[in-house]
Amino acid sequence: MVVLSKPALDQFSPIKTYKSNNTPFCPNIPVIDITKADSSAQLVKACQEFGFFKVVNHDVPMELMNKLEAEAIKFFSLPLSEKEKAGPPDPFGYGNRRIGPNGDVGWIEYLLLRSSPESILQRSSSVSKDNPESFCSAVNNYITMMRKLACGVVELIAEGLKLQERNVFSKLLMDEESDSVFRLNHYPPCSDLQALSGRNLIGFGEHTDPQIISILRSNNATGLQISLKDGSWVSVPPDQNSFFFIVGDSLQVMTNGRFRSVRHRVIANSMKSRVSMIYFGGPSLSEKIAPLESLMKEGEESLYREFTWFEYKKSAYMSRLADNRLGNFQKT
Ligand code: GA4
(Lines give C-alpha, C1' and ligand atoms only; values in the text may rest on other atoms or scores of the structure.)
Protein backbone atom coordinates (compact mmCIF):
# COMPACT_ATOMS: atom_id res chain seq x y z
CA MET A 1 0.00 0.00 0.00
CA VAL A 2 1.27 3.46 -0.87
CA VAL A 3 0.91 6.06 1.88
CA LEU A 4 0.67 9.24 -0.08
CA SER A 5 1.13 11.87 2.57
CA LYS A 6 1.35 12.22 6.32
CA PRO A 7 -0.50 15.25 7.60
CA ALA A 8 0.66 17.27 10.59
CA LEU A 9 -1.92 17.68 13.35
CA ASP A 10 -2.26 21.46 13.06
CA GLN A 11 -3.35 21.03 9.46
CA PHE A 12 -6.62 19.44 10.49
CA SER A 13 -8.62 22.50 11.45
CA PRO A 14 -11.13 23.72 10.28
CA ILE A 15 -12.14 20.34 8.84
CA LYS A 16 -15.01 18.71 10.68
CA THR A 17 -14.39 15.48 12.52
CA TYR A 18 -16.52 12.48 13.13
CA LYS A 19 -16.58 9.98 16.01
CA SER A 20 -14.93 6.87 14.60
CA ASN A 21 -16.64 3.51 14.24
CA ASN A 22 -20.17 4.53 15.10
CA THR A 23 -21.67 3.85 11.70
CA PRO A 24 -22.58 0.23 10.94
CA PHE A 25 -21.81 -1.40 7.62
CA CYS A 26 -24.91 -1.72 5.47
CA PRO A 27 -25.73 -5.41 5.15
CA ASN A 28 -28.17 -5.04 2.25
CA ILE A 29 -26.78 -2.68 -0.36
CA PRO A 30 -28.44 -3.76 -3.61
CA VAL A 31 -25.99 -5.72 -5.75
CA ILE A 32 -27.11 -5.88 -9.37
CA ASP A 33 -25.78 -8.37 -11.87
CA ILE A 34 -26.58 -6.49 -15.07
CA THR A 35 -26.36 -9.63 -17.18
CA LYS A 36 -29.37 -11.17 -15.40
CA ALA A 37 -32.86 -10.99 -16.92
CA ASP A 38 -34.47 -9.43 -13.86
CA SER A 39 -31.84 -6.70 -13.48
CA SER A 40 -34.08 -3.90 -14.83
CA ALA A 41 -36.69 -4.51 -12.12
CA GLN A 42 -33.94 -4.81 -9.48
CA LEU A 43 -32.40 -1.53 -10.62
CA VAL A 44 -35.70 0.34 -10.35
CA LYS A 45 -36.25 -1.06 -6.86
CA ALA A 46 -32.75 -0.03 -5.80
CA CYS A 47 -33.21 3.51 -7.18
CA GLN A 48 -36.48 3.85 -5.28
CA GLU A 49 -35.33 2.38 -1.98
CA PHE A 50 -31.70 3.49 -1.80
CA GLY A 51 -30.84 5.75 -4.74
CA PHE A 52 -27.69 3.66 -4.67
CA PHE A 53 -26.54 0.24 -5.83
CA LYS A 54 -23.51 -1.82 -6.71
CA VAL A 55 -23.07 -3.21 -10.22
CA VAL A 56 -21.26 -6.50 -10.78
CA ASN A 57 -20.55 -8.42 -13.98
CA HIS A 58 -19.97 -5.12 -15.71
CA ASP A 59 -17.44 -6.23 -18.28
CA VAL A 60 -15.07 -3.29 -17.60
CA PRO A 61 -11.51 -4.64 -17.76
CA MET A 62 -9.74 -4.46 -14.40
CA GLU A 63 -6.59 -3.19 -16.13
CA LEU A 64 -8.42 -0.02 -17.15
CA MET A 65 -9.19 0.78 -13.50
CA ASN A 66 -5.69 -0.19 -12.37
CA LYS A 67 -4.05 1.94 -15.03
CA LEU A 68 -6.03 5.01 -14.02
CA GLU A 69 -5.53 4.36 -10.31
CA ALA A 70 -1.77 4.17 -10.92
CA GLU A 71 -1.88 7.49 -12.82
CA ALA A 72 -3.88 9.06 -9.98
CA ILE A 73 -1.40 7.84 -7.35
CA LYS A 74 1.48 9.11 -9.44
CA PHE A 75 -0.09 12.56 -9.62
CA PHE A 76 -1.13 12.76 -5.95
CA SER A 77 2.40 11.68 -4.90
CA LEU A 78 3.94 14.77 -6.54
CA PRO A 79 5.07 17.67 -4.33
CA LEU A 80 2.23 20.10 -3.58
CA SER A 81 3.89 22.86 -5.61
CA GLU A 82 3.79 20.61 -8.69
CA LYS A 83 0.16 19.57 -8.17
CA GLU A 84 -0.87 23.19 -7.70
CA LYS A 85 0.22 23.87 -11.26
CA ALA A 86 -2.93 21.97 -12.28
CA GLY A 87 -5.11 24.22 -10.10
CA PRO A 88 -6.96 26.05 -8.69
CA PRO A 89 -10.29 24.30 -9.31
CA ASP A 90 -12.30 27.05 -11.00
CA PRO A 91 -14.22 24.69 -10.95
CA PHE A 92 -11.93 22.38 -12.97
CA GLY A 93 -8.37 21.55 -11.99
CA TYR A 94 -6.49 20.45 -8.88
CA GLY A 95 -8.08 21.24 -5.52
CA ASN A 96 -6.89 20.70 -1.99
CA ARG A 97 -9.25 20.86 1.03
CA ARG A 98 -11.56 23.45 -0.51
CA ILE A 99 -14.64 21.98 -2.15
CA GLY A 100 -16.70 24.28 -4.35
CA PRO A 101 -16.66 28.06 -4.10
CA ASN A 102 -18.64 28.61 -0.88
CA GLY A 103 -16.44 27.67 2.05
CA ASP A 104 -16.81 23.87 2.20
CA VAL A 105 -13.66 22.01 3.23
CA GLY A 106 -12.70 18.36 3.60
CA TRP A 107 -9.70 16.11 4.14
CA ILE A 108 -9.26 15.61 0.44
CA GLU A 109 -7.25 16.54 -2.61
CA TYR A 110 -8.70 16.04 -6.05
CA LEU A 111 -8.60 16.62 -9.77
CA LEU A 112 -11.88 17.75 -11.25
CA LEU A 113 -12.06 17.41 -15.02
CA ARG A 114 -14.49 18.21 -17.78
CA SER A 115 -15.13 14.86 -19.47
CA SER A 116 -14.54 15.84 -23.11
CA PRO A 117 -11.40 14.37 -24.77
CA GLU A 118 -10.23 17.86 -25.86
CA SER A 119 -10.36 19.19 -22.36
CA ILE A 120 -8.62 16.10 -20.90
CA LEU A 121 -5.89 16.51 -23.50
CA GLN A 122 -5.48 20.16 -22.58
CA ARG A 123 -5.31 19.45 -18.84
CA SER A 124 -2.92 16.47 -19.17
CA SER A 125 0.18 18.60 -19.75
CA SER A 126 -0.19 20.34 -16.39
CA VAL A 127 -1.05 17.08 -14.58
CA SER A 128 1.76 14.94 -15.91
CA LYS A 129 4.95 16.61 -17.07
CA ASP A 130 6.83 13.42 -17.88
CA ASN A 131 4.07 11.46 -19.63
CA PRO A 132 0.94 13.49 -20.42
CA GLU A 133 -0.08 11.03 -23.16
CA SER A 134 -0.26 8.18 -20.69
CA PHE A 135 -2.44 10.18 -18.27
CA CYS A 136 -4.62 11.42 -21.11
CA SER A 137 -5.27 7.99 -22.59
CA ALA A 138 -5.94 6.40 -19.16
CA VAL A 139 -8.57 9.05 -18.36
CA ASN A 140 -10.17 9.10 -21.81
CA ASN A 141 -10.40 5.31 -22.05
CA TYR A 142 -11.89 5.11 -18.59
CA ILE A 143 -14.46 7.86 -19.26
CA THR A 144 -15.47 6.18 -22.53
CA MET A 145 -16.11 2.96 -20.62
CA MET A 146 -18.02 4.75 -17.87
CA ARG A 147 -20.28 6.50 -20.37
CA LYS A 148 -21.02 3.16 -22.02
CA LEU A 149 -21.71 1.50 -18.68
CA ALA A 150 -23.88 4.40 -17.49
CA CYS A 151 -25.90 4.29 -20.72
CA GLY A 152 -26.39 0.53 -20.46
CA VAL A 153 -27.61 0.84 -16.88
CA VAL A 154 -29.97 3.80 -17.46
CA GLU A 155 -31.42 1.96 -20.46
CA LEU A 156 -32.16 -1.01 -18.21
CA ILE A 157 -33.72 1.45 -15.77
CA ALA A 158 -35.93 2.91 -18.55
CA GLU A 159 -36.98 -0.63 -19.41
CA GLY A 160 -37.73 -1.37 -15.75
CA LEU A 161 -39.88 1.77 -15.61
CA LYS A 162 -41.75 0.44 -18.67
CA LEU A 163 -40.89 3.52 -20.72
CA GLN A 164 -41.40 3.22 -24.48
CA GLU A 165 -38.38 5.36 -25.16
CA ARG A 166 -35.53 3.15 -23.94
CA ASN A 167 -32.94 5.88 -24.51
CA VAL A 168 -34.83 8.62 -22.67
CA PHE A 169 -31.97 8.95 -20.13
CA SER A 170 -29.04 7.58 -22.12
CA LYS A 171 -29.53 10.07 -24.97
CA LEU A 172 -28.73 12.84 -22.48
CA LEU A 173 -25.39 11.22 -21.59
CA MET A 174 -24.60 10.48 -25.26
CA ASP A 175 -25.33 14.07 -26.33
CA GLU A 176 -22.16 15.61 -27.80
CA GLU A 177 -22.71 18.58 -25.55
CA SER A 178 -23.30 16.47 -22.44
CA ASP A 179 -21.96 18.33 -19.41
CA SER A 180 -20.45 15.27 -17.75
CA VAL A 181 -17.67 15.63 -15.23
CA PHE A 182 -14.90 13.37 -14.00
CA ARG A 183 -13.24 13.44 -10.61
CA LEU A 184 -10.18 11.76 -9.10
CA ASN A 185 -10.14 11.96 -5.30
CA HIS A 186 -7.41 11.22 -2.79
CA TYR A 187 -8.23 11.05 0.91
CA PRO A 188 -4.94 10.78 2.86
CA PRO A 189 -5.10 8.65 6.02
CA CYS A 190 -5.69 10.53 9.27
CA SER A 191 -3.98 8.14 11.69
CA ASP A 192 -2.48 10.84 13.99
CA LEU A 193 -5.81 12.42 14.72
CA GLN A 194 -7.50 9.05 15.11
CA ALA A 195 -4.89 7.89 17.63
CA LEU A 196 -5.12 11.10 19.63
CA SER A 197 -8.83 11.73 19.67
CA GLY A 198 -10.67 8.64 18.42
CA ARG A 199 -12.10 10.82 15.70
CA ASN A 200 -11.74 10.74 11.93
CA LEU A 201 -11.78 13.65 9.52
CA ILE A 202 -14.64 14.27 7.13
CA GLY A 203 -13.17 13.79 3.66
CA PHE A 204 -16.16 14.96 1.63
CA GLY A 205 -19.15 16.30 3.52
CA GLU A 206 -22.69 15.04 2.99
CA HIS A 207 -24.35 16.03 -0.27
CA THR A 208 -26.38 14.80 -3.20
CA ASP A 209 -24.99 14.74 -6.73
CA PRO A 210 -26.72 17.23 -9.04
CA GLN A 211 -26.39 15.17 -12.26
CA ILE A 212 -28.38 12.19 -13.59
CA ILE A 213 -26.20 9.32 -12.46
CA SER A 214 -22.71 8.97 -10.99
CA ILE A 215 -20.44 5.93 -11.11
CA LEU A 216 -17.92 5.60 -8.31
CA ARG A 217 -15.02 3.21 -8.12
CA SER A 218 -12.55 3.22 -5.23
CA ASN A 219 -9.62 1.21 -3.99
CA ASN A 220 -10.21 -1.10 -1.04
CA ALA A 221 -10.21 1.62 1.65
CA THR A 222 -13.43 2.21 3.60
CA GLY A 223 -14.95 5.67 3.89
CA LEU A 224 -18.07 5.98 1.76
CA GLN A 225 -21.31 6.31 3.72
CA ILE A 226 -24.86 6.73 2.47
CA SER A 227 -27.99 7.98 4.16
CA LEU A 228 -30.98 5.63 4.19
CA LYS A 229 -34.64 6.62 3.76
CA ASP A 230 -35.07 6.92 7.54
CA GLY A 231 -32.16 9.39 7.72
CA SER A 232 -29.70 6.97 9.37
CA TRP A 233 -26.18 6.60 7.97
CA VAL A 234 -24.51 3.36 6.94
CA SER A 235 -21.02 2.55 5.71
CA VAL A 236 -20.56 0.97 2.32
CA PRO A 237 -18.10 -1.95 2.29
CA PRO A 238 -15.49 -1.07 -0.37
CA ASP A 239 -15.15 -3.26 -3.43
CA GLN A 240 -12.47 -2.35 -5.92
CA ASN A 241 -13.82 -4.78 -8.51
CA SER A 242 -17.29 -3.27 -8.73
CA PHE A 243 -18.96 0.04 -9.45
CA PHE A 244 -21.23 1.98 -7.14
CA PHE A 245 -24.01 3.95 -8.80
CA ILE A 246 -25.44 7.09 -7.23
CA VAL A 247 -28.80 8.52 -8.33
CA GLY A 248 -28.47 12.27 -8.90
CA ASP A 249 -30.96 15.11 -8.37
CA SER A 250 -31.81 15.30 -12.09
CA LEU A 251 -32.94 11.67 -12.15
CA GLN A 252 -35.03 12.27 -9.04
CA VAL A 253 -36.77 15.11 -10.88
CA MET A 254 -37.23 13.17 -14.15
CA THR A 255 -38.90 10.36 -12.21
CA ASN A 256 -41.03 12.90 -10.29
CA GLY A 257 -39.55 11.78 -6.98
CA ARG A 258 -39.95 8.02 -7.51
CA PHE A 259 -36.16 7.71 -7.34
CA ARG A 260 -34.18 9.33 -4.57
CA SER A 261 -30.93 11.19 -5.06
CA VAL A 262 -29.01 9.69 -2.18
CA ARG A 263 -27.13 11.81 0.36
CA HIS A 264 -23.64 10.48 0.79
CA ARG A 265 -20.32 11.48 2.34
CA VAL A 266 -16.79 10.19 2.76
CA ILE A 267 -14.95 9.80 6.06
CA ALA A 268 -11.16 9.74 5.74
CA ASN A 269 -9.72 6.35 6.59
CA SER A 270 -7.37 6.28 9.59
CA MET A 271 -5.01 3.70 8.10
CA LYS A 272 -5.15 3.78 4.35
CA SER A 273 -5.18 6.27 1.51
CA ARG A 274 -8.51 6.18 -0.24
CA VAL A 275 -8.41 6.84 -3.97
CA SER A 276 -11.66 7.10 -5.89
CA MET A 277 -12.66 7.93 -9.43
CA ILE A 278 -16.11 9.19 -10.25
CA TYR A 279 -17.91 9.80 -13.50
CA PHE A 280 -20.84 12.21 -13.17
CA GLY A 281 -23.18 11.73 -16.12
CA GLY A 282 -24.97 14.98 -16.86
CA PRO A 283 -27.10 16.46 -19.66
CA SER A 284 -26.19 19.36 -21.95
CA LEU A 285 -26.48 22.84 -20.47
CA SER A 286 -29.57 23.65 -22.54
CA GLU A 287 -31.42 20.43 -21.65
CA LYS A 288 -34.77 20.91 -19.96
CA ILE A 289 -35.15 18.84 -16.81
CA ALA A 290 -38.69 17.98 -15.75
CA PRO A 291 -40.71 14.92 -14.74
CA LEU A 292 -41.19 12.60 -17.75
CA GLU A 293 -44.73 12.87 -19.09
CA SER A 294 -44.65 9.21 -20.07
CA LEU A 295 -44.11 8.26 -16.44
CA MET A 296 -46.84 10.38 -14.90
CA LYS A 297 -50.03 8.61 -13.84
CA GLU A 298 -53.37 10.20 -14.63
CA GLY A 299 -53.89 13.20 -12.38
CA GLU A 300 -50.35 13.01 -10.98
CA GLU A 301 -48.95 16.45 -10.24
CA SER A 302 -45.42 17.43 -11.09
CA LEU A 303 -43.42 17.96 -7.89
CA TYR A 304 -40.89 20.22 -9.65
CA ARG A 305 -40.99 23.13 -12.02
CA GLU A 306 -39.13 22.70 -15.26
CA PHE A 307 -35.58 24.05 -15.37
CA THR A 308 -32.57 23.82 -17.64
CA TRP A 309 -29.43 22.04 -16.51
CA PHE A 310 -27.66 25.39 -16.85
CA GLU A 311 -30.08 26.95 -14.33
CA TYR A 312 -29.63 24.05 -11.93
CA LYS A 313 -25.87 24.10 -12.17
CA LYS A 314 -25.74 27.83 -11.61
CA SER A 315 -27.85 27.51 -8.50
CA ALA A 316 -25.77 24.49 -7.32
CA TYR A 317 -22.57 26.52 -7.49
CA MET A 318 -24.18 29.14 -5.27
CA SER A 319 -25.08 26.52 -2.65
CA ARG A 320 -23.18 24.88 0.19
CA LEU A 321 -22.39 21.19 -0.16
CA ALA A 322 -24.99 19.95 2.33
CA ASP A 323 -27.84 22.15 1.04
CA ASN A 324 -31.01 20.66 -0.37
CA ARG A 325 -30.46 22.01 -3.87
CA LEU A 326 -33.77 20.74 -5.24
CA GLY A 327 -35.63 22.89 -2.69
CA ASN A 328 -35.47 25.91 -5.05
CA PHE A 329 -37.13 23.93 -7.82
CA GLN A 330 -39.86 22.20 -5.86
CA LYS A 331 -43.45 23.28 -6.44
CA THR A 332 -45.09 24.42 -3.24
C1 GA4 B 1 -21.06 17.42 -5.82
C2 GA4 B 1 -20.89 16.35 -6.90
C3 GA4 B 1 -19.61 16.54 -7.74
O4 GA4 B 1 -18.46 16.13 -6.99
C5 GA4 B 1 -19.45 18.01 -8.18
C6 GA4 B 1 -19.33 18.84 -6.92
C7 GA4 B 1 -19.07 20.34 -7.08
C8 GA4 B 1 -17.58 20.67 -6.95
O9 GA4 B 1 -16.87 20.01 -6.21
O10 GA4 B 1 -17.17 21.65 -7.58
C11 GA4 B 1 -19.96 21.06 -6.04
C12 GA4 B 1 -20.92 19.95 -5.47
C13 GA4 B 1 -20.77 18.80 -6.44
C14 GA4 B 1 -22.37 20.42 -5.36
C15 GA4 B 1 -22.57 21.89 -4.93
C16 GA4 B 1 -21.42 22.80 -5.38
C17 GA4 B 1 -20.78 22.20 -6.62
C18 GA4 B 1 -19.26 21.77 -4.90
C19 GA4 B 1 -20.32 22.69 -4.39
C20 GA4 B 1 -20.32 23.21 -3.19
C21 GA4 B 1 -18.29 18.15 -9.16
C22 GA4 B 1 -20.74 18.53 -8.71
O23 GA4 B 1 -21.11 18.56 -9.87
O24 GA4 B 1 -21.50 19.03 -7.67
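What comes next is a walk through the structure. Given the structure is predicted, the values throughout are model-derived calculations rather than measurements. (Residues numbered from 1 in each chain as written. Predicted model: local features only at pLDDT ≥ 70, side-chain atom pairs only at ≥ 80, totals over all residues. Heavy atoms only, no water.)

Re the pattern of salt bridges
Opposite charge on two side chains permits pairing when their charged atoms draw close. Counted under the stated rule, the structure contains 16 salt bridges. A salt bridge links Arg 263 to Glu 206, with the shortest nitrogen-to-oxygen separation between them at 2.8 Å. Residue Arg 263 is found in the loop between α8 (249-254) and β12 (264-267), and its partner Glu 206 is found in strand β7 (residues 199-207); the two are separated by 57 residues along the sequence. A residue is classified by how much of its surface remains accessible, and Glu 206, at 28% relative accessible area, is partly exposed. Here Arg 305 ties to Glu 311 by a salt bridge, and the two come within 3.6 Å at their closest N and O atoms. For Arg 305, a relative accessible area of 36% translates into the label partly exposed. If you follow the salt bridges from partner to partner, you end up with Lys 67, Glu 71 and Lys 74 in one network. (Salt bridge = Lys/Arg side-chain N within 4 Å of Asp/Glu carboxyl O. Helix = DSSP H or I, 4+ residues; strand = E, 2+ residues; numbered from the N terminus. Buried < 20%, exposed > 50% of the residue type's maximum accessible area, 1.4 Å probe, protein only.)

Regarding the side chain of Arg 274
Within the secondary structure layout, Arg 274 lies in strand β13 (residues 274-281). Although Arg 274 is buried, it forms no salt bridge, and the closest oppositely charged side chain is Glu 69 at an N-O distance of 10 Å. Within polar-contact distance, the side chain of Arg 274 engages the backbone oxygen of Ala 221 at 2.9 Å. Once you skip the residues sitting within four places of it in the chain, Arg 274 turns out to touch Asn 185, His 186, Tyr 187, Leu 216, Ser 218, Asn 219, Ala 221, Thr 222, Gly 223, Leu 224 and Val 266. (Lys, Arg positive; Asp, Glu negative; His and termini not counted. Polar contact = N/O pair within 3.5 Å; in protein donor to acceptor, adjacent residues only side chain to side chain. Contact = heavy atoms within 4.5 Å.)

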